[in-house]
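# Survey of secondary and tertiary structure
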Amino acid sequence: MSVHHAQHPEAREIARPPTLSLALAGEGPAEVVRVGGPLDLATVDRLVDLVDRLVAGGPPAVLVLDLSGVTFFCAAGVNALLTVRRRVASAGCTLVVREPSRITVKVLDIVGLMDEFTTE
């Protein structure tokens, strides 16, 4: 005989995925997007959409992506950075990656793309 214990529906924990935060600030001729949290399949569209809106509304001379707050970075994040770079370049802007987090640097190094981005 086996006994199965069912958890009360109200006692279940609700797992919430980490949230991506995006903050926009102007620095002279540059627009800075401060990114915090995971850049993964569930979150990258928010970053790309924000960049699309920025370049569509009169692109800044320089777009800075501050990646110091990125806590998770995977292939989806790599693809998002490549997409952002392509769209920013086609709008006549310069893309600068500021203070990429350790995980971001590690993944970009592994895939051989760290030197493909202007960093500060």
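Please refer to the structure higher up on the page.
Now for a quick tour of the structure. (Residues numbered from 1 in each chain as written. Predicted model: local features only at pLDDT ≥ 70, side-chain atom pairs only at ≥ 80, totals over all residues. Heavy atoms only, no water.)

Moving on, we get to the sheet that holds strand β2 (residues 30-39). Reading across the sheet, the four strands line up as β1-β2-β3-β4 and stay open at both edges, with mixed pairing between neighbours. Only two strands of the sheet have a single neighbouring strand rather than two, namely β1 (21-27) and β4 (94-98). Taking each pair of neighbouring strands and ignoring which way they run, the sheet shows an average axis angle of 20°. Across the sheet, helix α1 (residues 44-56) is in contact with β1, β2 and β3 (62-73); its angle to β2 comes to roughly 170°. (Pairing = 2+ DSSP bridges. Helix = DSSP H or I, 4+ residues; strand = E, 2+ residues; numbered from the N terminus. Axes fitted to C-alpha atoms, helices over the stretch in contact; angles between N-to-C directions. Contact = heavy atoms within 4.5 Å.)

Bringing the packing of α1 against helix α2 (residues 75-90) into the picture now. Interaxial distance between α1 and α2 falls to 10 Å at its minimum, and their mutual angle equals 5°. Between α1 and α2, the angle is such that the two are roughly parallel. In this structure, α1 uses Val44, Val48, Val51, Asp52 and Val55 to contact α2, whose residues at the interface are Ala76, Gly77, Ala80, Thr83, Val84, Arg87 and Val88. Grouping the constituent residues of the contact of α1 with α2 by class yields eight nonpolar, two polar and two charged. (Parallel < 35°, antiparallel > 145°, perpendicular 65-115°, else oblique. Nonpolar A, V, L, I, M, F, W, Y, C, P; charged D, E, K, R; others polar.)

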